[in-house]
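Close look at the chain arrangement
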Amino acid sequence: MNDRLMVRAFLRDLLERTGDRDGFADCDSLVMSGRLDSVDTLDLLVFLEEKYGVDFAERGFDRDDLDSLDSVMSLIGVARGTSR
Amino acid sequence: MRIVPQLDRQSRLIVLVQKPTGKIAISLAFAVLLLLNGESLYIELATIAAALSFFPRQRRIMLSGATLYWLLVHPNLIRRSLIHSVAAAEGFAEGWRLGLLTAATMCAVLGALGLLLGFVGKRPNHLVGKRPVLVMVVSFLCLLMAAGTLPLHGAPRIAAWMLLALAGPYLWFFAYALDDYASRAHDPYRLQIGTFFPFWVGSNSSSTPIGKGAAYLRKMEAHTPKDLAVAQLKAIKLLIWLLYLRLALTVFHAIVYGGVFPAAEAFFRARGFPLLNLGVPTLAAALDQTAAGHLPRLSVAWAAVVAHFIAALVGVPIAGNMVVACTRMAGFNILRNTYKPLYATTVAEFWNRFYFYFKELLVEFFFFPTYVRYFKRHRRLRLAAATFAAATLGNLVYHFCRDSEYVFEMGFWPALAGLQVYAFYALVLGGAIAVSQLRGKRAPETLPLYRRAMSSAGVIGFYCLLEIFDDEGRGHLLRTHLAFFVHLFALPL
């Protein structure tokens, strides 16, 4: 499974936890729109730290970076670029 | 059958509201509903919202203009009593000179913020650029401490307190602007101004930024005529719901406390039909009795606690969601401040549902900064520390900064010590939310109804009792609140 599919599956699980079974496009807002709450955001943050080594202490934490699948993927891209 | 019609899902209505006549009609409906909801500034609010709906491309810059107008004409948030008190104490005459000095200080505060924002944008690696909100809040607390402890007199004292009175209510509005400036794509200062206590607060004077800051508003802004129509219909729908809540609250007050309709009560009493009420004392009155050494009867004490909680459960959504409705009418489809709190099955979820924008403030400026920096190798400790940083420390910092009048009246250290009741509340709240988060997720949707109902009842019971300590004033000692609390369980303290 590639990264995008893996992150998408994780986001879908988070949404389904609260009964939200609507689909979402890659650019759809999930955090700011309220579909994911702060507890979900926290789980996403931990997932990105553990799975992709994103260091939010170093780069600063901005919830905008976790708002959509696209923004999460670009965050992962930047984190990988920095770590190389 | 729904008691509030689903206006935002009726396609013909959505089309109609996009037309000029529809815009005028919905603005009139908005004004009428504001009036019925007791908002005295309904004409100005509806007029500005209508203007914004006719010129959506200029919405953000017009919002800045409307915000400055509100500051000039309805400065609800400014602690004018504090300014007058310090002026009187220092023999500074009331009148135009004080007004001019206030205006000059306000310009200085907004100017200083502009410079700070510019600095944050240009020097992201400087300490101030990296942690702008921390620097601002600590600076404010230092100024508050200096004003409350140093023997200042005359002009320096007036200047210090005027600065605190004017900058204090804006603190968290500025925090969102600083946070936005620290991000890559931020709004310019002229648009940030529109987010500093925007016009949509109406006659509300809460220092919690409902609608957060520019970053959030950019996301929630209606970008098409259809989006705007839906947001405005949601505003109308919300106001109808608030009207029901307001009526329910009024009836509740009349039955439980009495004294709501003095003219009607006098009318019926004169004709030999007195309007009866349960005569339940307010929680404040019950605590006053406790402080005076006269504990209320057990049943009366319980009635006071439960009635206070029910009133808060209905009253808080009314106040917060009024602002949300006005924000939606202005074209920003923001989330509700309170959303079905009784559906919460965990303590953390209730906190999220009850006062969303206050929780968001604490999460944004206290929880996440702590979580991403400290105890990264200890998952549970990390979560607990971040939760306490938000629900306890952040909560206390917010209220201490907000209520600077107490420092002026009592001095810095007595005002700090006087926060003991609220400190206890924040500590218990932080502990309960931390435990709730560590225990795991909320009840899944698939859980049987009775299990969900039991979880909800436990959560509601917890918050109902915790309300006894939700007192930001300095009227009573913690001992009084504890005595009242243990009395509920027929225990001596």
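Please read all numbers here as calculations on a predicted model, not as lab measurements. (Residues numbered from 1 in each chain as written. Chains lettered and ligands numbered in written order. Predicted model: local features only at pLDDT ≥ 70, side-chain atom pairs only at ≥ 80, totals over all residues.)

1. Looking at the overall build of chain B
When its secondary structure is counted, chain B shows 24 helices and zero strands. The C-alpha atoms of chain B give 24 Å as radius of gyration, which agrees with the globular expectation for 493 residues (23 Å, within 12%). On the principal axes, the C-alpha backbone points of chain B span a range of 65 × 60 × 60 Å. Within the span of chain B, comprising 493 residues, buried residues form 41% of the whole. (Helix = DSSP H or I, 4+ residues; strand = E, 2+ residues; numbered from the N terminus. Rg over C-alpha atoms; globule rule 2.2 N^0.38 Å. Buried ≥ 20, exposed ≤ 12 C-beta atoms within 10 Å, placed from the backbone.)

2. Quick look at the overall build of chain A
When its secondary structure is counted, chain A shows four helices and zero strands. The order of α-helices and β-strands along chain A, N terminus first, is α-α-α-α. Here chain A has a C-alpha radius of gyration of 12 Å; the compact-globule value for 84 residues is 12 Å, and the two agree. Burial status across chain A gives 30% buried among its 84 residues. A sequence separation of at least 24 residues applies to 63% of the contacts in chain A between residues at least 6 apart. (Contact = placed C-beta atoms within 7 Å.)

3. Quick notes on the packing of helix 16 (residues 298-329) of chain B against helix 24 (residues 478-488) of chain B
Residue and element names in this part refer to chain B. Relative to each other, helix 16 and helix 24 sit at 110 degrees, their axes nearing to 9 Å. The orientation of helix 16 relative to helix 24 falls into the category roughly perpendicular. Crossing handedness for the pair helix 16 and helix 24: left-handed. The residues of helix 24 that touch helix 16, namely those facing A301, W302 and V305, are F484, H487 and L488. For the contact of helix 16 with helix 24, the per-class residue count stands at five nonpolar, one polar and no charged. (Axes fitted to C-alpha atoms, helices over the stretch in contact; angles between N-to-C directions. Parallel < 35°, antiparallel > 145°, perpendicular 65-115°, else oblique. Left-handed = near helix turned anticlockwise from the far one by under 90°. Nonpolar A, V, L, I, M, F, W, Y, C, P; charged D, E, K, R; others polar.)

4. Digging into the packing of helix 8 (residues 132-149) of chain B against helix 9 (residues 154-167) of chain B
Residues and elements named next belong to chain B. Packing of helix 8 against helix 9 brings their axes to within 10 Å, and their N-to-C directions diverge by 140 degrees. Relative to helix 9, helix 8 is oriented oblique. Between helix 8 and helix 9 lies a crossing whose hand is left-handed. Across from F140, L143, L144, A146 and A147 in helix 8, the residues of helix 9 making contact are A160, W161, L163, L164 and A167. Along the lines of polarity and charge, the residues of the contact of helix 8 with helix 9 split into 10 nonpolar, no polar and no charged.

5. Notes on helix 18 (residues 356-371) of chain B
Residue and element names in this part refer to chain B. With 16 residues, helix 18 extends just 20 Å between its outermost C-alpha atoms, more than 12% less than the 22 Å of an ideal straight helix rising 1.5 Å per residue. Remark: the principal bend of helix 18, roughly 40 degrees, maps to V363. Here helix 18 lies mainly inside the structure; 16 of its 16 residues are buried. (Expected span 1.5 Å × (residues − 1). Bend = angle between axes of the 7 residues up to and from the residue.)

6. Some points on the interface of chain B and chain A
Contact with chain B, which involves 16 residues of that partner, is made by 14 residues of chain A. Elements supplying a minimum of two residues to the side of chain B that touches chain A: helix 12 (214-220), helix 17 (347-354) and helix 18 of chain B. Per-element tally for the side of chain B that touches chain A: the top contributor is helix 12 of chain B, with four residues. A breakdown of the residues in the side of chain B that touches chain A according to their chemical character gives 10 nonpolar, two polar and four charged.

7. Describing the domain arrangement of chain B
Residue and element names in this part refer to chain B. Under the domain assignment, chain B is made up of domain 1 (7-213) and domain 2 (239-488). Here domain 1 and domain 2 have C-alpha centroids that lie 25 Å from each other. In this assembly, 44 residues from domain 1 lie in contact with 33 residues from domain 2. Mapped onto the side of domain 1 that touches domain 2, the elements with two or more residues apiece are helix 2 (20-36), helix 3 (42-54), helix 4 (59-73), helix 5 (80-89), helix 8, helix 9 and helix 10 (171-181). (Domains from an automatic or database assignment.)

8. Comments concerning the environment of G22 of chain B
Residues and elements named next belong to chain B. Here G22 shows up in helix 2. What makes G22 partly exposed here is the crowd of 17 C-beta atoms within 10 Å. With 346 residues separating them in the primary sequence, G22 and F368 have C-alpha atoms 43 Å apart.

9. A look at unusual backbone geometry
Residues and elements named next belong to chain B. Positioned with a positive phi, F197 is a non-glycine residue whose angle comes to about 60 degrees. By secondary structure assignment, the location of F197 is in the loop between helix 11 (189-192) and helix 12. Notably, F375 is not glycine yet its phi reads approximately 55 degrees, a positive angle. By secondary structure assignment, the location of F375 is in the loop between helix 18 and helix 19 (379-402).

10. A few points about the confidence of the model for chain B
Put simply, chain B has an average pLDDT of 92, and 98% of its residues get 70 or more. For chain B, the element scoring lowest by mean pLDDT is helix 14 (residues 262-270) of chain B, at 79; helix 2 of chain B scores highest, at 97. (pLDDT = per-residue confidence, 0-100.)

11. A word on helix 5 of chain B
Three- or four-residue spacings in an α-helix give side chains the same orientation, since the helix completes a turn every 3.6 residues. All names here are of chain B. Within helix 5, the full set of buried residues consists of L82, I83, V86 and A87. One face of helix 5 carries all of its buried residues, which in axial projection span an arc of 130 degrees. Turned more than 90 degrees from where helix 5 packs its buried face, S81 and A88 sit exposed. A positive phi of about 70 degrees marks G91, the residue just after helix 5. (Arc of directions from axis to C-beta.)

12. Remarks on the environment of V280 of chain B
Residue and element names in this part refer to chain B. Here V280 lies in the loop between helix 14 and helix 15 (283-291). On the basis of neighbour counts, which here come to 22 C-beta atoms within 10 Å, the residue V280 falls in the buried class. Taking C-alpha positions, V280 is 19 Å from F469, a pair spaced 189 residues apart along the chain. Once you skip the residues sitting within four places of it in the chain, V280 turns out to touch V256, Y257, A303, A304 and A307.

13. A few points about the environment of V314 of chain B
Residues and elements named next belong to chain B. With respect to the helices and strands, the residue V314 is situated in helix 16. V314 gets classed as partly exposed once you count the C-beta atoms within 10 Å, which come to 17. Sequence separation of V314 and A182 is 132 residues, and the distance between their C-alpha atoms is 37 Å. Apart from the residues within four sequence positions on either side, V314 is in contact with L245, A248 and L249.

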